[in-house]
Amino acid sequence: MLARHGAIFNFTCIEMRDHEQPQDALCAPEKLVRQVALATQKAQVPLAGENALPRYDDTAHEHILQAASLNIDGNSEGREMCAFTHLRMSPHLFQPENWRKFVAFVKKMKEGKDANRCLEQVEREAEHFVHVTQPLVQEAAVALMH
């Protein structure tokens, strides 16, 4: 039904990893994302993703990049998530180190899975954008605190 109407399936928890969850929760977000990716692929429905938690670290960013490539069973054959929504715009996002990492993450997402450059190289290139946006970022952080 979703494919027939041109819908996009938007799924959460893209940044979450199985081993980071409490043992008593009995959850496996990576396996769940994989199951959803396989189901949407089989149904020929585009898949979009979003984060569930406020994460600003390189580990989460790299995991999102990996999940967004939809490399299922070592075969992605031109498939990628069609969109990613970053939730939790907060003062924490606009802290200088978090903003620097986020800008690099967005740049890497834009380049897609075919980009073979390391995150550190992208961060260096993103430094220009961090510098240019600094006044706006400070203004946004102040606005979010009130």
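The notes below deal with the structure included here. (Residues numbered from 1 in each chain as written. Predicted model: local features only at pLDDT ≥ 70, side-chain atom pairs only at ≥ 80, totals over all residues. Heavy atoms only, no water.)

1. Some remarks on the state of the cysteines
By definition, a disulfide links two cysteine residues through a covalent bond between their sulfur atoms.
Moving on, step 1. Tallying each qualifying case throughout the model produces zero disulfides.
Moving on, step 2. Its sulfur unpaired, Cys27 is 8.6 Å from the next cysteine sulfur, which belongs to Cys13.
Moving on, step 3. A disulfide-free cysteine, Cys82 has its sulfur positioned 16 Å from the sulfur of Cys13, the nearest such atom. (Disulfide = S-S within 2.5 Å.)

2. Focus: the packing of aromatic side chains
Moving on, step 1. Enumeration according to the criterion identifies five aromatic pairs in this entry.
Moving on, step 2. Here the aromatic rings of Phe94 and Trp99 are separated by 5.3 Å at their centres, their planes lie at 35 degrees, and the arrangement is tilted.
Moving on, step 3. Its relative accessible area of 10% is what places Phe94 among the buried residues.
Moving on, step 4. Take Trp99: its relative accessible area is 15%, and that puts it in the buried class.
Moving on, step 5. A ring pair is formed by Phe102 and Phe105, whose centres lie 6.2 Å apart and whose planes are at 40 degrees; its orientation type is tilted. On the criterion of helical spacing, the pair formed by Phe102 and Phe105 is a turn pair, its members being three residues apart in helix α3 (residues 96-111).
Moving on, step 6. Given the relative accessible area of 13%, Phe102 is considered buried.
Moving on, step 7. One aromatic cluster is present, formed by Phe84, Phe94, Trp99, Phe102 and Phe105 through successive ring pairs. (Phe/Tyr/Trp six-rings, centres within 6.5 Å; stacked < 30°, edge-to-face > 60°. Buried < 20%, exposed > 50% of the residue type's maximum accessible area, 1.4 Å probe, protein only. Helix = DSSP H or I, 4+ residues; strand = E, 2+ residues; numbered from the N terminus.)

3. Quick notes on the pattern of salt bridges
Moving on, step 1. Counted under the stated rule, the structure contains five salt bridges.
Moving on, step 2. For the salt bridge of Arg17 with Glu20, the shortest nitrogen-to-oxygen distance reads 3.3 Å.
Moving on, step 3. The partly exposed category is assigned to Glu20, whose relative accessible area is 33%.
Moving on, step 4. Each of Arg17, Glu20, Arg55 and Asp57 takes part in a single network of salt bridges with overlapping partners. (Salt bridge = Lys/Arg side-chain N within 4 Å of Asp/Glu carboxyl O.)

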